Amino acid sequence: MIEARGLTKRYGATAAVDDLSFTIRPGMVTGFLGPNGAGKTTTMRMILGLDYPTAGMVTVNGKPYAKLASPMREVGALLDARAVHGGRSARNHLLCLARTNHISRRRVDAVLDLVGLANVAGKRSRGFSLGMSQRLGIAAALLGDPEILIFDEPVNGLDPEGIVWIRTLMRSLAAEGRTVFVSSHLISEMENTADHLIVVGRGRLLADSGMAEFIAGSSGQVVLARTPQPDALGRALNAAGATTSTGEPGIVQVRGLTEDVVADIAFANGIRLNHLAPARVSLEQAFMELTADSVDYHGQSPVDTQPAHNGSEA
Amino acid sequence: MTTTIGRVRPDTQPTARLRTDILGTLASEFVKIRSVRATYWTLIILIVASIGSGATYCAVEAHQWPHLTPQDHANFDPTQASVLGVALLGQFVIAVLGAQTITAEYSTGMMRTSLTVMPRRTVLYGAKAAVLAAVTLIVALSTSFASFVLGQALLAGRHAGATLSQPHVLRSVIVTAGYVAVCGVAAFGLGAILRHTAAAVAAVFVLFELIQRLAEALPHNLYTSMEKWLPGGATVGAITATTPDSQNPQLFSAWGELAVLGAYAVILVVVGAVLFRRRDA
Ligand SMILES: Nc1ncnc2c1ncn2[C@@H]1O[C@H](COP(=O)(O)OP(=O)(O)O)[C@@H](O)[C@H]1O
Ligand SMILES: [Mg+2]
């Protein structure tokens, strides 16, 4: 159980984390989602007592992190897989961590086995690929067999095999009743992994809800209509109060109206419809809408390239 | 999964927990220092350079011995000749090791991992300093004794060598090693303050050489009276010698000068500790 209350971190004038309050519960994977620079890493560093909050507080199992009796047995964290001394072998790296919490050498070998690094245990980690470094970081997090696991963007830069491995691992850790808190800037990574989502943008809490509610509550139903007269249909639907956008040529996306009403309006205006169907809002879209105002750097993405209209086509 | 983790239960009593933390972290820091090659390279350079320079000095003296005046013979301090290199070269070599003990954790990012597994910052910092001090003291003592033995062997042919039973000879060998270890600890403190290897080593140089060089520009009387309080530089003479300094009798004895340097090291380590506790990692 991780609890943040009014957690705030300022760097000069800008607030990296701004009055965040949330509770992360055991037995599930909680996704921590937000665009780059939203304050996810900073929040995790404050949970671990690495950075001090400017205001507010965060506790782990009811205590500040630094007060945990045997931190490795309660929390395992992977913030930056490359943050190891490259001159040290994988086994010695884990051993020096294990010693602080009186964890046995046998356990070091057991986790090396578990993450599939047993055959390179004596090699210096400088030569490791990102995937291997990530596995070493996860081995370190698992050393104390902790109840709470914190992963910061664990699949960043991994190959598909590594991504699947980490997803499966997170699911199985949660299935064992553990608390898994994992950040990402891509919602697609959460789609099949997280049970619960905490969404942040510019340091502020944007959403804190179950995955299913997040999708359902985001922007309601979308109806897709294929027509030879998209402009006319768009005008007619806008007049009825709907929001429309054009995607592929001849396809109108409609929000705020059910497909029955769309059909009626089309009929009333003498517009031919070739196809009419409800569509599930993609998670991607829900996330984009939620964080649209809080993205620091916009890039080209399929959703960005579809201009939304609220009125007639220019 | 739980079965192989180890038997120690988290202690609930604060004093017992502190003891558990300290013992575990000392063991951890020992694993760290012995598991990177940089440690061995630094210590090998320390040993080879120190013993080599002491041996060279003694060999040259032994070679020139017949051509020196009786006055020169009387002033010659064979102990100092054999261990001076340990102090003069050792201080900078050990400064690299001392600073790196902490700065390498910042440059690699390892510090965040270290603090995640041991969030008691004073314990982590203290264990680092203690392991560094112990390792450097043991290596410096061995080097100092080896330099002494080799140097005296080279001087033995001229009957100019010293033995450990002569006055202050043992002191000189031990204090020289202590000086090197204290330099390492001072560099560690500077490393904690500056968090950057090159900056910390440069700061050691400023502290141990530059300040003294600049002070030499002061009026002679003023300089002679304050020299005993300056770290490094001229006090290395007093630290390695078996006789009082001939040029500046106001200098403290070897132990006194070591204590002065120790005080500087303590200040640096304490300032480093305060910052280490207070700053974001
Ligand atoms: N040490 C720091 N000094 C100044 N600004 C920082 C520091 N760390 C993070 N920031 C800023 O805080 C914001 C949040 O960063 P971060 O927590 O890394 O975001 P995320 O992990 O969500 O990408 C960013 O704007 C970043 O530039
Ligand atoms: Mg981040």
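What you see is a predicted model; the values in this text were computed from it and never measured. (Residues numbered from 1 in each chain as written. Chains lettered and ligands numbered in written order. Predicted model: local features only at pLDDT ≥ 70, side-chain atom pairs only at ≥ 80, totals over all residues. Heavy atoms only, no water.)

Asker: Got a sec to walk through the overall build of chain B? Specific residues and values, please.
Answerer: On a plain count of helices and strands, chain B comes out with 11 helices and zero strands. In terms of principal-axis extent, the alpha carbons of chain B reach across some 75 × 45 × 30 Å. A buried classification covers 51% of the 281 residues belonging to chain B. Here the analysis covers contacts within chain B between residues at least 6 apart in sequence; of these, 78% occur between residues at least 24 apart. (Helix = DSSP H or I, 4+ residues; strand = E, 2+ residues; numbered from the N terminus. Buried < 20%, exposed > 50% of the residue type's maximum accessible area, 1.4 Å probe, protein only. Contact = heavy atoms within 4.5 Å.)

Asker: Can you break down the UniProt feature "transmembrane region" (unreviewed entry) in chain B residue by residue, with the values?
Answerer: All names here are of chain B. With numbering matched to this structure, UniProt assigns "transmembrane region" (unreviewed entry) to residues 40-60, 80-102, 123-149, 169-190, 197-215 and 258-276. Between the end C-alpha atoms of residues 197-215 the distance is 26 Å, and the span holds 100% helix and 0% strand. Each end of residues 258-276 is marked by a C-alpha atom, and these two atoms are 26 Å apart; helix forms 100% of the span and strand 0%. (UniProt positions renumbered as here; feature names shortened; annotations may be inferred.)

Asker: Lay out the interface of chain B and chain A in plain terms, naming residues and giving numbers.
Answerer: Counting from both sides, the interface comprises 40 residues of chain B and, opposite them, 44 residues of chain A. Counting the surface lost from both chain B and chain A, the interface buries some 3600 Å², and carbon and sulfur atoms represent 57% of this. Taken together, chain B and chain A are joined by one salt bridge. Close ionic contact of Lys9(A) with Asp280(B) constitutes a salt bridge, the shortest N to O distance being 2.6 Å. Joining chain B to chain A, the criterion identifies 18 residue pairs in polar contact (both at pLDDT 80 or more). If you list the elements that add at least two residues to the side of chain B that touches chain A, you get α1 (14-34), α4 (78-108), α5 (110-117) and α11 (254-278) of chain B. With 11 residues, the single largest contributor to the side of chain B that touches chain A is α1(B). (Buried area = accessible area lost by both parts, 1.4 Å probe. Salt bridge = Lys/Arg side-chain N within 4 Å of Asp/Glu carboxyl O. Polar contact = N/O pair within 3.5 Å; in protein donor to acceptor, adjacent residues only side chain to side chain.)

Asker: Could you give an account of the packing of α4(B) against helix α8 (residues 197-215) of chain B, naming the residues involved and the relevant values?
Answerer: Residues and elements named next belong to chain B. Between α4 and α8, whose axes approach to 9 Å, the crossing angle comes to 140°. Here α4 is positioned oblique relative to α8, judged by the angle of their axes. Judged by the twist between their axes, the crossing of α4 over α8 is right-handed. Contact with α4, carried on its side by Gln91, Phe92, Ala95, Val96, Ala99, Gln100 and Thr103, involves Thr197, Ala200, Val201, Val204, Phe205, Phe208 and Glu209 of α8 and no other residues of that element. Class assignment for the residues of the contact of α4 with α8 results in nine nonpolar, four polar and one charged. (Axes fitted to C-alpha atoms, helices over the stretch in contact; angles between N-to-C directions. Parallel < 35°, antiparallel > 145°, perpendicular 65-115°, else oblique. Left-handed = near helix turned anticlockwise from the far one by under 90°. Nonpolar A, V, L, I, M, F, W, Y, C, P; charged D, E, K, R; others polar.)

Asker: Please give an account of the site of ligand 1 that cites residues and values.
Answerer: Residues and elements named next belong to chain A. Residues in contact with ligand 1, as listed here, are Tyr11, Ala16, Pro35, Asn36, Gly37, Ala38, Gly39, Lys40, Thr41, Thr42 and Arg45. Residue glycine 37 places a main-chain N or O atom 2.7 Å away from an oxygen atom belonging to ligand 1. The protein chains hide 59% of the 560 Å² of surface that ligand 1 would expose on its own. It is helix α1 (residues 40-47) that contributes the most residues to the shell around ligand 1, four residues altogether. Considering only residue class, the shell around ligand 1 consists of four nonpolar, five polar and two charged. (Near = heavy atom within 4 Å. Areas by Shrake-Rupley, 256 points an atom, 1.4 Å probe, with all protein chains shown as cover.)

Asker: Tell me about the confidence of the model for chain A, and name the residues and values.
Answerer: All names here are of chain A. Of the residues in chain A, 89% have a pLDDT of 70 or more, and the chain-wide mean is 87. Summarising per-element confidence for chain A, the mean pLDDT is lowest in strand β14 (residues 308-309) (42) and highest in α1 (98). For the stretch residues 298-314, pLDDT sits under 50, and the model shows 24 contacts to residues farther than four places along the chain or on other chains. (pLDDT = per-residue confidence, 0-100.)

Asker: For the side chain of Thr224(B), give the residues involved together with the corresponding values.
Answerer: Residues and elements named next belong to chain B. By the element assignment, threonine 224 lies in helix α9 (residues 220-226). Polar side-chain contacts of threonine 224 include one of 3.3 Å to the backbone oxygen of asparagine 221. When sequence neighbours within four positions are dropped, the list of residues in contact with threonine 224 reads Asn248 and Gln250.

Asker: Residue-level account of the confidence of the model for chain B, with values.
Answerer: Residues and elements named next belong to chain B. The pLDDT averaged across chain B works out to 90; a share of 95% of its residues lies at or above 70. Per-element mean pLDDT across chain B ranges from 84 in helix α10 (residues 235-240) up to 97 in α5. Scored as a whole, the predicted complex attains pTM 0.85, and scored at its interfaces, ipTM 0.88.

Asker: Kindly report on the sheet that holds strand β1 (residues 2-11) of chain A, identifying the contributing residues and their values.
Answerer: All names here are of chain A. In space, the three strands of this open sheet follow the order β2-β1-β4, with antiparallel pairing throughout. Single-partner strands in this sheet number two, and they are β2 (14-24) and β4 (55-60). Averaged over all neighbouring strand pairs, the angle between strand axes comes to 20°, with direction disregarded. As paired strands, β1 and β2 are joined by seven bridges and run antiparallel to one another. From the neighbouring strand, alanine 4 faces β2, where its bridge partner is phenylalanine 22. The sheet strands contacting α1 are β1, β2 and β4, and the helix crosses β1 at an angle near 120°. (Pairing = 2+ DSSP bridges.)

Asker: Describe the packing of aromatic side chains, naming the residues involved and giving the relevant values.
Answerer: One pass over the full model with this rule turns up eight aromatic pairs over all chains. For the ring pair Tyr125(B) and Phe276(B), a centre distance of 5.3 Å and an interplane angle of 40° mean the geometry is tilted. One end of the pair, Tyr125(B), is in helix α6 (residues 121-156); the other, Phe276(B), is in helix α11, with 151 residues separating them in the sequence. On the basis of relative accessible area, Tyr125(B) is assigned to the buried category, the value being 4%. Of the aromatic side chains, those joined through ring pairs into one cluster are Phe22(A), Phe32(A) and Phe181(A). Over the ring of Trp165(A) we find Arg135(A); its NZ or CZ atom is 4.2 Å from the centre of that ring. The ring centre of Phe252(B) lies 5.8 Å from the NZ or CZ of Lys228(B), which sits over that ring. (Phe/Tyr/Trp six-rings, centres within 6.5 Å; stacked < 30°, edge-to-face > 60°. Lys NZ or Arg CZ within 6 Å of the ring centre and 35° of its normal.)

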